[in-house]
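Observations on chain architecture
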Amino acid sequence: MEHIRTTKVEQVKLLDRFSTSNKSLTGTLYLTATHLLFIDSHQKETWILHHHIASVEKLALTTSGCPLVIQCKNFRIVHFIVPRERDCHDIYNSLLQLSKQAKYEDLYAFSYNPKQNDSERLQGWQLIDLAEEYKRMGVPNSHWELSDANREYKICETYPRELYVPWTASKPIIVGSSKFRSKGRFPVLSYYHQDKKAAICRCSQPLSGFSARCVEDEHLLQAISKANPVNRYMYVVDTRPKLNAMANRAAGKGYENEDNYSSIRFQFVGIENIHVMRSSLQKLLEVNGTKGLSVNDFYSGLESSGWLRHIKAVMDAAIFLAKAIMVENASVLVHCSDGWDRTSQVCSLGSLLLDSYYRTIKGFMVLIDKDWISFGHKFSERCGHLDGDPKEVSPVFTQFLECVWHLTEQFPQAFEFNEAFLLQIHEHIHSCQFGNFLGNCQKEREELKLKEKTYSLWPFLLEDQKKYLNPLYSSKSHRFIVLEPNTVSFNFKFWRNMYHQFDRTLHPRQSVFNIIMNMNEQNKQLEKDIKDLESKIKQRKNKQTDDILTKELLHSFHPESPTLKTSLCFKEQTLLPVNDSLRTIEGSSPADNRYSDYAEEFSKSEPAVVSLEYGVARMTC
Amino acid sequence: MEFAELIKTPRVDNVVLHRPFYPAVEGTLCLTGHHLILSSRQDNTEELWLLHSNIDAIDKRFVGSLGTIIIKCKDFRIIQLDIPGMEECLNIASSIEALSTLDSITLMYPFFYRPMFEVIEDGWHSFLPEQEFELYSSASGEWRLSYVNKEFAVCPSYPPTVIVPKSIDDEALRKVATFRHGGRFPVLSYYHQKNGMVIMRSGQPLTGTNGRRCKEDEKLINATLRVGKRGYIIDTRSLNVAQQARAKGGGFEQEAHYPQWRRIHKSIERYHILQESLIKLVEACNDQTHNMDRWLSKLEASNWLTHIKEILTTACLAAQCIDREGASVLIHGTEGTDSTLQVTSLAQIILEPRSRTIRGFEALIEREWLQAGHPFQQRCAQSAYCNTKQKWEAPVFLLFLDCVWQILRQFPCSFEFNENFLIMLFEHAYASQFGTFLGNSESERCKLKLQQKTMSLWSWVNQPSELSKYTNPLFEANNLVIWPSVAPQSLPLWEGIFLRWNRSSKYLDEAYEEMVNIIEYNKELQAKVNILRRQLAELETEDGMQESP
C-alpha cells in the first residue's frame, strides 16, 4: 500500500484510558493494509480496523515520546505513545489516509474474502427478501398494490424499485405527488397492520412553501386514508420540531396544511436534526472520556449533551405511531425533511412496537433492510465511510439501536436477540467489511455491484446466532404482541455497554446474562445427554433381560449391593467445566473476539484494581 | 391501654385506597395501636396492613365532606385514602399522627408483637462476640477479648465485649478511652486472614488545640503493627474539617506522635447533608412529570450518587491498604459511629468472602453496626418525607446498603443474598415488628431488655422458608477480593429502592423468575444425568461381571 510508510514500530506504549496514574503496556505497533495492530508484551493483540477510525490526533511531544490518540466509531479510544516523533508522524499520516478512502472500491468489503464461492455469496444476499416480507404483512391485498412506477428509479432515485401504494393511486397521481415532495419521495407503504388494516406510510416533506398545493398529493393522501376501511382519518406526523418545519417553508418546503387535505390530523413530534444529534453525541463522548470524572460532572454532562432527551423523543414518536394504529385504528403518514433519517427511526421503531416478528433475529434484519437500507438511509454519508462532508455524519442509526436497547431493558423477555447482537450490528455499519451498509441508496448499491463484489452481513450473523440469543426470550407470550414502553425520564439510562464497550474496567465483573445464556445452552446439551443415557440404559436392560437367568445366578454369588461397588468405580462427574470458568471470568459474549482479550485479564486469581486510582494516590509508605 | 385514647375512630367504612399500579379498592379502614388496616369487603382479605411506625408524614385535604389522607411511608411508598366524612377523616389523621410518632420506645410494636412462627434459632444469640472472635483467634495470638466495658462504663456506645491487642491491658484501655471521642478507643474491626493485617476503628483523638497526646493510645495502635511495618490512618473527614474539630476538643493524630502511621483524609458527608440528599433524591424520583433535563439535573443535584462514590472509594482505599499494601488501617471520623462504620463494613465486603454470605452479612451488621453503636433509633427516626428539621436523622445505613447493592450488581454471582435481602434490611431498620434495630447502642438495648421482651429479626429471617426469598440463585462462592469500579458510569441509581413504587416491575420480575427457572431446571437436569450415569455404570459393571465371572 502506498500510504504505509512504516509498517512496524517497537517500544510503543498503550495507555490505560481511565487510569490517572498513567498505567501503560509496552508493545509493538503494526500497520497492515486493513488494520492497525498492537501486540503487547503479554502477546495480547488489539486489532483496529482502519475504517473504524473516526479521528487521529497527535498531541504535544512529551519526554517519553509522541502521544497518538485514536478515536474509533465503535467508541474505542486508544492512546499510544510512540518513542520517536518521526515514526509517530508516519503512522499519523498513514492512518489519516487509510481511514478516509476516496472511493468505494477501496473499502474493505471489496477485498474481504470469507472463502465462499459465488453461489454461497448470492444465497447470502437472498437471505432477506423484502417481497416476502410485504407478503408476510399481507400486501398486496384489496387495498394495497405493488407499484411499478419506480421500477427504473425514474421517479425517485433514493427509493427502492418496488413500492407499495394504495391501489386507487394511479401513476399520474404518484408522479404528481412525487414532484411535490422533497427528492421525489412520495408517500408509500412502510408497514401494514393486518388486524387493524391500518398502515404506516412514509415520505419526505411537501414543497408547500407558504401556500402551494398539489392536487395529486392530496389525492394520494386521501387514497391512503381510504385504504383503511375502519378509520377514515389518518395522522400525518412531522417528526421535526415545529420551528424547523416552519423555517423550511421559507425555502419552498414545509408541512401539510390541514385545510388542504381531507381527513388528516397533523402532528409535530419534535425530533432534532442530524446536526444536533451529531454534536449531542460529541458532547456525550467528551464527558465520558474525562479522566477521574465526578458523578456530578457525569450527570450534568449527560444532561447538557441532550442525548437521552433525543432518545426519548424518538421513542415517544414511535409510541405515537403504535397508539394511533392500536387505539384509534388510524393509518399514519410519517415524514421529516427528506424522509430518510428521523422517518426511518420512527417508522422502524413503531413497527417494532407493533409486530413481534421484528423482535426476532431474522425479523430485525428484515426491518433494517426495509426501513433503513431499502428506503435510502444514507449509511455511507451518515457513517462517514468515505472521505466526505463531515456535516453529513450523524449517529441516527445508533440512536435507533439505542431505542431498541431501552426496549430490551424494559421488556427483557420480548426480544429474541440480546445486546451483543445490537453491538455487533453497530460494529458493522462502520466496518465496511460487508456490503449491506455501503452506499446511500439502492440505486447506488446496484451501480456498485455490491451483490457481486461483496458479501452480506446477515448470513454471518445468522450462522453465529447462538451468541446473539436472549436466553429469557418468551416467544409464546401473548402479552408481548404490542409493546407499550413507559417513557418516564427515569427509564432512560446511559448505555454503558455501547459507549464504553471497550472500557471493560467500567463493566460489571460477572455477567448474569452470559451465565444464563450458557446455562440455557448447557440445558439443551443435558436434555440430549439424558435421552442418550436413557436409551443406553434401555439397551443394557434389554440385553440383561435376555440373559436374565445368568444374571440371577451371578447375583447369588455376589450378594453385596451393587451401588456400593459402583460408588468405587464411578465418581460423580462434574458437568461442563465451561460453566465454572465463565462464572469467574467477566466478558460479554465469550465467542465474540472483540471481548475475548479481556477474559484473560479477569481470569487471573485477582481481578485488577480498576478505577480505584481515583481514590488512591502515592501509596508507598 | 394507652392507645385507646389516641384512637378516636377505630373503624370507617367505604374508604377508598389508591396505590400506584393497582386499581383503587374500597373497604373498611381499621386503626389498631400499631397498624393501619384496610380490608375490602369482597373477599375479606387485607389490602393494606401498614405499621404506624412506617409512616413518615401525612397530608390531608378535603373536597366537601370527602377527606383525603396521603400517607408517605419511610420506605418511600405513597398511598392515598379517601375517607367519607370530615370528622372521621380528621380523627383518623390525628390518630395516625400521634401513633406514628410515639415518644416511648417501649410502646413500639416490637414490644407487643407475638410471633406466629416457631423460633428454631434465637437470633439474639446467633452472633455472640465470643463466637466471632473464635473465627480470628485461630489465626492470631495477638488479639484478645476484653470485658473492660462490661458495665458500659468505659464507652457507652461500645458493646461489653471488644477485641483489642493482647499486649494492652484493661487499665491502658481505660486511659485511651479518655483520649478518644465518646470513649471509643481503637478496637479490632476486621482481621485479614491472608496476611494478618487488620482494620481498627475508633472515635477521633481528643488532641484539642494544644496538641494533647496519649502515650497509651500510641502504644495501643502501634501494638497492631508488625516489626518495621507502617500503617495507615484513614480519617473520613477532610483535613479542613478535622482541623476545625480541634477547636471543639477533637482532632487527628499528629505525625510527630504517630511516626509509624500515614494519615489520609477523605471526605464523607454526615447528618443533614445526607438527609437532604435523600429528600431531594426521593422527591426527584417521585415526580414522573420531569422532562429529561430536569430529571438528570435533579438526580445530579441530590448528590446521592456522589456520596455513594465517595463512600465506596474510601472503602476500596481501606481494602487496598490491607490487601495490596499489606498495611494495617485505623479508621475514624468524628464519633466513629457513622462514616467509620460504612467504610469498615464495606471494606470487609470487598475483602472477606464470608461477609458476602447471608449468615456472614448478618454477622457483619450485628458486629459493625449494631454492636459498634450506630445510633439506629436516631438516624432512622424519620425518612425522606420528614418536613421538620431534625438534627440526628441521616440515611447512613441506607447508603451502606446502596453501596453493597452497587458491589452486588458488579459481582452478581459472588453474593449469597439478593437485592431483596438488602431491601428487607432497609425496611426493618426504619419500621419493624422486631427489636433488632431499636435503640442507639448495646447499652440502650440492654436497658430496654430487648432480648427478653422482643423478637430478633434474625430469628425470623433465618427460617428456611424466609431465607429462600433472599437467596441469590446465581451464588457461587468466590474466595477472591472483589474490587468494584467506582466510575460514575458504573454506579447507577438503585431502582429497586428509589423507583420501587414509581414504576411497574412486572416484566422485570417475570424475567427474574424465568432466570430462576432456568437455573432450577439446570440443577434438575444435572441431578438426573448423574443418576442415569450411575445407573448405566451399575448396569455396565453388572454386565462386566457377567462377561468375566
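All values derive from a computational prediction rather than experimental measurement.

Quick notes on the overall build of chain B
Each helix and strand counted, chain B has 20 helices and 14 strands in total. Reported as C-alpha extents along the three principal axes, the dimensions of chain B are approximately 90 × 80 × 55 Å. Taking all 549 residues of chain B together, the buried fraction comes to 61%. Long-range contacts, defined here as pairs at least 24 residues apart, represent 70% of the contacts in chain B between residues at least 6 apart. In the form shown here, chain B has an accessible surface area of approximately 21300 Å², with 51% of it arising from carbon and sulfur atoms.

Re the UniProt feature "coiled-coil region" (unreviewed entry) in chain A
Following the UniProt record, the feature "coiled-coil region" (unreviewed entry) maps to residues 516-543 of chain A here. Helix makes up 100% of residues 516-543 of chain A and strand makes up 0%, while its end C-alpha atoms are separated by 40 Å.

Some remarks on the UniProt feature "coiled-coil region" (unreviewed entry) in chain B
Using the residue numbers shown here, the UniProt feature "coiled-coil region" (unreviewed entry) corresponds to residues 508-542 of chain B. For residues 508-542 of chain B, the helix share is 100%, the strand share is 0%, and the end-to-end C-alpha distance is 51 Å.

A short note on the interface of chain A and chain B
Counting residues at the interface gives 85 residues for chain A, matched by 85 residues for chain B. Of the roughly 8100 Å² buried at the junction of chain A and chain B (both faces included), carbon and sulfur atoms supply 62%. The interface formed by chain A and chain B includes four salt bridges. With its nearest N and O atoms 3.7 Å apart, the salt bridge here joins B:E540 to A:R540. At the junction of chain A with chain B, the criterion picks out 18 residue pairs in polar contact (both at pLDDT 80 or more). Within the residue set of the side of chain A that touches chain B, elements represented by two or more residues are α8 (295-305), α9 (307-326), α13 (396-410), α20 (512-546), α21 (548-557), α22 (562-569) and α23 (578-584) of chain A. Considering every element that reaches the side of chain A that touches chain B, the biggest residue donor is α20(A), with 19 residues. Along the lines of polarity and charge, the residues of the side of chain A that touches chain B split into 39 nonpolar, 23 polar and 23 charged.

Looking at the nonpolar core
Core analysis: the largest hydrophobic core is formed by 260 residues, its most contacted members being A:F364, B:F185, B:F361, B:L425 and B:F498. Here the element with the most residues in this core is α9(A); it accounts for 13 residues. Contacts of B:F498, omitting those with residues within four sequence positions, involve B:F76, B:L278, B:L281, B:V282, B:C285, B:W304, B:L398, B:D402 and B:L493. With 27 residues, the next largest nonpolar core counts B:L17, B:L31, B:L38 and B:C73 among its residues.

Remarks on the packing of aromatic side chains
All names here are of chain A. The final tally for this structure, using the stated rule, is 63 aromatic pairs over all chains. Summarising the aromatic geometry, the rings of Y112 and F434 are spaced 5.3 Å apart at their centres and angled 70° between planes, so their arrangement reads as edge-to-face. Of this pair, Y112 sits in the loop between α1 (85-99) and α2 (118-126) while F434 sits in the loop between α14 (419-431) and α15 (442-447), and the two are 322 residues apart along the sequence. For Y112, a relative accessible area of 18% translates into the label buried. Where W372 meets F397, the ring centres are 4.9 Å apart and the plane angle is 85°; that geometry is what we call edge-to-face. With W372 in helix α11 (residues 361-374) and F397 in helix α13, this residue pair connects regions lying 25 residues apart in the sequence. The rings of F364, W372, F379, F397, F400, F415, F417, F421, F437, W458 and Y468 are connected pair by pair, giving a single aromatic cluster.

Brief notes about the sheet that holds strand β6 (residues 66-72) of chain A
Sheet strands pair via backbone hydrogen bonds, and the direction of the pair is either parallel or antiparallel. Residues and elements named next belong to chain A. The seven strands are arranged β4-β3-β2-β1-β7-β6-β5 in an open sheet whose pairing can be described as antiparallel. Of all strands in the sheet, those bounded by a partner on one side alone are β4 (45-49) and β5 (53-58). Across the sheet, the mean angle separating the axes of adjacent strands is 30° when strand polarity is ignored. Across five bridges, strand β3 (residues 35-40) lies against β4 in antiparallel orientation. Its bridge partner being in β4, L36 is matched across the sheet by I48.

Brief notes about helix α7 (residues 271-286) of chain B
Its 16 residues place the ends of α7(B) 23 Å apart at the C-alpha level, agreeing with the 22 Å of an ideal helix rising 1.5 Å per residue. Within the span of α7(B), buried status applies to B:Y271, B:L274, B:Q275, B:S277, B:L278, B:L281, B:V282, B:A284 and B:C285.

Considering empty space enclosed by the protein
By rolling a water-sized probe across the atoms, one finds the places where empty space is left. Residue and element names in this part refer to chain B. In total, this model carries nine cavities of 30 Å³ or more according to the counting rule given. Size it by volume and the largest cavity reaches roughly 220 Å³. Around the largest cavity, the lining is made up of 20 residues, and of these T161, I163, R201, R367 and Q371 lie nearest the centre. When residues of the lining of the largest cavity are traced back to their parent elements, those giving at least two are α3 (129-137), β9 (162-165), β10 (187-191) and α11 (358-371). When residues in the lining of the largest cavity are grouped by element, the largest group, five residues, is from α11. Here the lining of the largest cavity is built from residues that sort into 12 nonpolar, three polar and five charged.

Here we look at the domain arrangement of chain B
Residue and element names in this part refer to chain B. For chain B, the domain assignment lists domain 1 (4-102) and domain 2 (129-502). Put simply, the middle of domain 1 and the middle of domain 2, counted by C-alpha atoms, are 37 Å apart. Across the boundary between the two partners, domain 1 contributes 14 residues, which contact 22 residues of domain 2. When the buried area of domain 1 at its contact with domain 2 is split by residue, D56, K74 and F76 rank highest and sum to 49% of it. The interface formed by domain 1 and domain 2 includes zero salt bridges. There are nine residue pairs in polar contact (both at pLDDT 80 or more) connecting domain 1 and domain 2. At the level of elements, β5 (55-63) and β6 (66-73) are the ones that each hand at least two residues to the side of domain 1 that touches domain 2.

Rules of the game
- Residues numbered from 1 in each chain as written.
- Chains lettered and ligands numbered in written order.
- Predicted model: local features only at pLDDT ≥ 70, side-chain atom pairs only at ≥ 80, totals over all residues.
- Heavy atoms only, no water.
- Helix = DSSP H or I, 4+ residues; strand = E, 2+ residues; numbered from the N terminus.
- Buried < 20%, exposed > 50% of the residue type's maximum accessible area, 1.4 Å probe, protein only.
- Contact = heavy atoms within 4.5 Å.
- Areas by Shrake-Rupley, 256 points an atom, 1.4 Å probe, with all protein chains shown as cover.
- UniProt positions renumbered as here; feature names shortened; annotations may be inferred.
- Buried area = accessible area lost by both parts, 1.4 Å probe.
- Salt bridge = Lys/Arg side-chain N within 4 Å of Asp/Glu carboxyl O.
- Polar contact = N/O pair within 3.5 Å; in protein donor to acceptor, adjacent residues only side chain to side chain.
- Nonpolar A, V, L, I, M, F, W, Y, C, P; charged D, E, K, R; others polar.
- Core = buried A, V, L, I, M, F, W, Y, C linked by side-chain atoms within 4.5 Å.
- Phe/Tyr/Trp six-rings, centres within 6.5 Å; stacked < 30°, edge-to-face > 60°.
- Pairing = 2+ DSSP bridges.
- Axes fitted to C-alpha atoms, helices over the stretch in contact; angles between N-to-C directions.
- Expected span 1.5 Å × (residues − 1).
- 1 Å grid on protein atoms, 1.4 Å probe; cavity = no way out; pocket = protein on both sides within 12 Å on 5 of 7 lines; lining within 4 Å.
- Points joined across faces, edges and corners; volume = space filled by probe spheres on them.
- Domains from an automatic or database assignment.

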